[in-house]
Amino acid sequence: MTINQIPGRWVEGTGLVLGPLLLLAAVLVRMGEDDFFPGQLAAYAADPAKMVVSYSLFAAGVVLLWPAVAALTRMIAATRPGWAAWGGTLVVLGLFGRVFHAGASHLAFRMVDALGPAAAQQAVSSTYGAFHVFKAANVAIMGGWIVLAIGAYRARAFGPGIGGTARCVALALASGLPLGVLKGSTDPISLVALAGLAVALVPLGVALSREGPAPRWWAVVLTVALIPAAFVAGLSG
């Protein structure tokens, strides 16, 4: 494996398929709840298991998008290296910002457990606009997917013709997903944005996974075993 193939076909294929689908599943799980933080905190107080599952799926989907972006960026770079560099960098910076938001949301939910819904809402309301360095990533969150989509269009990364163009437009729709801490993201615009991301990336992930030989059996077993082992290590640490 050469350096420009890292993290590799299977990691990239998994990210392309599971990243968008986990994000879409996360939003569907919390469908019907108010999209802003008082409603999200109230929803957690009423049904913590549902909200933990939803936010966990969302955070996992965001993390899995980085190998997806790496795969698409490499395809764009074959003919449009400048667009690949800018688009890939902006999108990954935006993903960092969303992971930060996920951590802050996790802390807010823990305050509901420790302080009660009213006190937690007051604490979040008092600190919601506080400065943090990842505010600079908001521009990347909103604009990165558009730049990457333009690069994909110019490089014909999704293929020629109207089908490839439509998938580039679908990719750009991801820029419409709301950002920030404790955002429900269940409005129609969010669903369209995530559906567009899935339309653009999932078929690419399936095609990438089918290229070349299947993974060795022991690699599959080791990967499956490492996932619960990592959770156990994290919980015990």
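Just so it is clear, the model here is predicted, and its values are computed rather than measured. (Residues numbered from 1 in each chain as written. Predicted model: local features only at pLDDT ≥ 70, side-chain atom pairs only at ≥ 80, totals over all residues. Heavy atoms only, no water.)

A.B. asks: Tell me about the overall build of the chain, and name the residues and values.
C.D. replies: Check the secondary structure of the chain and you find nine helices and zero strands. Secondary structure elements of the chain, listed N to C terminal, follow the sequence α-α-α-α-α-α-α-α-α. A globule of 237 residues ought to have a C-alpha radius of gyration of about 18 Å, and the chain, at 19 Å, matches this closely. Based on the C-alpha atoms only, the size of the chain along its principal axes is roughly 55 × 40 × 30 Å. In the chain, once contacts between residues fewer than 6 apart in sequence are set aside, the share between residues at least 24 apart is 80%. (Helix = DSSP H or I, 4+ residues; strand = E, 2+ residues; numbered from the N terminus. Rg over C-alpha atoms; globule rule 2.2 N^0.38 Å. Contact = heavy atoms within 4.5 Å.)

A.B. asks: Account for the UniProt feature "transmembrane region" (unreviewed entry) in the chain, with residues named and values stated.
C.D. replies: Under the local residue numbering, the UniProt record ascribes the feature "transmembrane region" (unreviewed entry) to residues 12-32, 52-72, 84-109, 129-153, 165-182, 188-208 and 217-236. When the span residues 52-72 is considered, its composition is 100% helix and 0% strand, and the gap between its end C-alpha atoms is 30 Å. Helix makes up 44% of residues 165-182 and strand 0%, with an end-to-end C-alpha separation of 33 Å. (UniProt positions renumbered as here; feature names shortened; annotations may be inferred.)

A.B. asks: Go over the pattern of salt bridges with me, naming the residues and quoting the values.
C.D. replies: Scanning the entire structure with this criterion turns up three salt bridges. A salt bridge links Glu33 to Lys50; the nearest nitrogen and oxygen atoms lie 2.6 Å apart. Note that Glu33 is positioned in the loop between helix H1 (9-29) and helix H2 (37-46) and Lys50 in helix H3 (residues 48-77), a separation of 17 residues in sequence. Exposure remark for Glu33: the relative accessible area of 23% places this residue in the partly exposed category. Residues Arg110 and Asp113 are paired through a salt bridge, measuring 3.3 Å at the closest nitrogen-oxygen approach. Highlighted residues: Arg110 and Asp113, both in helix H4 (residues 81-115), separated by three residues, approximately one helical turn. Overall, Arg110 belongs to the partly exposed group, its relative accessible area being 28%. (Salt bridge = Lys/Arg side-chain N within 4 Å of Asp/Glu carboxyl O. Buried < 20%, exposed > 50% of the residue type's maximum accessible area, 1.4 Å probe, protein only.)

A.B. asks: Summarise the nonpolar core; cite the residues concerned and give the values.
C.D. replies: One finds Leu72, Trp145, Phe158, Leu171 and Leu201 to be the most contacted residues of the largest nonpolar core, which totals 34 residues. Looking at this core element by element, the count peaks at eight residues for H3. When near neighbours in sequence (up to four residues on either side) are disregarded, Trp145 contacts Leu65, Val69, Val91, Leu171, Ala172, Ala174, Ser175 and Leu197. (Core = buried A, V, L, I, M, F, W, Y, C linked by side-chain atoms within 4.5 Å.)

A.B. asks: Give a detailed account of H2, specifying residues and quantitative values.
C.D. replies: Among the residues making up H2, those that are buried are Phe37, Gly39, Gln40, Leu41, Ala43 and Tyr44. Where H2 is buried, its residues contact H3, H4 and helix H5 (117-127).

A.B. asks: Let's hear about the packing of H1 against H3: which residues, and what values?
C.D. replies: At a closest axis distance of 6 Å, the pairing of H1 and H3 adopts a crossing angle of 150 degrees. The orientation of H1 with respect to H3, classified from their angle, is roughly antiparallel. Of the two possible hands of crossing, H1 and H3 adopt the one that is left-handed. Split by residue class, the contact of H1 with H3 holds 20 nonpolar, four polar and three charged. (Axes fitted to C-alpha atoms, helices over the stretch in contact; angles between N-to-C directions. Parallel < 35°, antiparallel > 145°, perpendicular 65-115°, else oblique. Left-handed = near helix turned anticlockwise from the far one by under 90°. Nonpolar A, V, L, I, M, F, W, Y, C, P; charged D, E, K, R; others polar.)

A.B. asks: Any details on the packing of aromatic side chains? Residues and values, ideally.
C.D. replies: In this structure the tally under the stated criterion is four aromatic pairs. Seen in terms of ring centroids, Tyr55 and Phe109 are 4.9 Å apart; in terms of plane orientation they differ by 90 degrees. Their pairing is edge-to-face. In this pair, Tyr55 sits in helix H3 while Phe109 sits in helix H4, placing the two residues 54 residues apart along the sequence. A single burial state applies to Tyr55 and to Phe109, both of which are buried. On the numbers, 4.9 Å between centres and 25 degrees between planes, the contact of Phe100 with Phe134 is stacked. One end of the pair, Phe100, is in helix H4; the other, Phe134, is in the loop between H5 and helix H6 (138-155), and 34 residues separate them in sequence. In this structure Phe100 comes out as partly exposed when scored by relative accessible area, which is 29%. A connected cluster of aromatic rings, assembled from ring pairs, spans Tyr44, Tyr55 and Phe109. The ring of Tyr55 carries Arg30 above its face, with NZ or CZ at 4.3 Å from the centroid. (Phe/Tyr/Trp six-rings, centres within 6.5 Å; stacked < 30°, edge-to-face > 60°. Lys NZ or Arg CZ within 6 Å of the ring centre and 35° of its normal.)

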